[in-house]
Amino acid sequence: SPLPVLTLRLEASSASEQARLSSALALLVVEDPSLVVEETPTTTHISGLGELHVEIVLDRLRREYGLEVRTGTPRVTYRETVLLDDGDDEVDTDGMVE
């Protein structure tokens, strides 16, 4: 599947809502393999193929699972090629920009 290009931080309103959010996202990932979910003890990040893709996931969380989540600032993945001074070698880098 294609690589995700937009990442968004999600926050549930309480610990019980966080458990429901984790379960709902696990189901959505099964249905949509292009959706990437990264969970740590303190944060949840979702990554999708674009703004519309992520908005649809958020809408489904509201409609189908009754979850209202707070979202952080979206981050867009960018790729760049760095040329060294001698012009012979290239170094590929991946990164996030806010």
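Before reading further, recall that the structure is shown in the block above.
Keep in mind that what you see is a predicted model, and the values were worked out from it rather than measured.

Enquirer: Please clarify how the overall build of the chain should be interpreted in this entry.
Expert: A count of helical and extended segments in the chain gives two helices and six strands. Taken across its 98 residues, the chain has 29% of its residues classed as buried. Residue pairs at least 24 apart in sequence account for 55% of intrachain contacts in the chain once pairs closer than 6 positions are excluded. Surface summary for the chain: the accessible area is close to 6400 Å², and the carbon and sulfur share equals 53%.

Enquirer: Please clarify how helix α1 (residues 15-31) should be interpreted in this entry.
Expert: Because each turn of an α-helix spans 3.6 residues, side chains separated by three or four positions end up pointing in the same direction. Between its first and last C-alpha, α1 extends 25 Å over 17 residues, near the 24 Å set by a 1.5 Å rise per residue. Buried-residue contacts for α1 involve β1 (6-11), β2 (36-39), β3 (44-48) and α2 (51-65).

Enquirer: Would you mind going over the pairing of β1 with me for this structure?
Expert: Note on strand geometry: in a regular strand, side chains alternate between the two faces of the sheet. Summarising the sheet, β1 and β3 pair through five bridges and their orientation is antiparallel. Bridge pairing links L6 to G48 in β3.

Enquirer: Hey, could you run me through α2 in this one?
Expert: Along its 15 residues, α2 runs 21 Å from first to last C-alpha, staying within 8% of the 21 Å computed at 1.5 Å per residue. Listing the buried residues of α2 in full gives H53, V54, V57, L58 and L61. Considered in projection along α2, the buried side chains sweep an arc of 140 degrees and stay on one side of the axis. Facing away from the buried surface of α2 by more than 90 degrees, the exposed residues are E51, L52 and R63.

Enquirer: Where do I start with the pairing of β3 in this structure?
Expert: Burial analysis of β3 places five of its five residues in the buried class, which makes it a mostly covered element. On β3, burial covers both faces: T44, I46 and G48 on one face and H45 and S47 on the other are all buried. Direction of pairing for β2 relative to β3: antiparallel, over a ladder of four bridges. Within β3, the position partnered with E39 by the bridge is T44.

Definitions and cut-offs
Residues numbered from 1 in each chain as written. Predicted model: local features only at pLDDT ≥ 70, side-chain atom pairs only at ≥ 80, totals over all residues. Heavy atoms only, no water. Helix = DSSP H or I, 4+ residues; strand = E, 2+ residues; numbered from the N terminus. Buried < 20%, exposed > 50% of the residue type's maximum accessible area, 1.4 Å probe, protein only. Contact = heavy atoms within 4.5 Å. Areas by Shrake-Rupley, 256 points an atom, 1.4 Å probe, with all protein chains shown as cover. Expected span 1.5 Å × (residues − 1). Pairing = 2+ DSSP bridges. Arc of directions from axis to C-beta.

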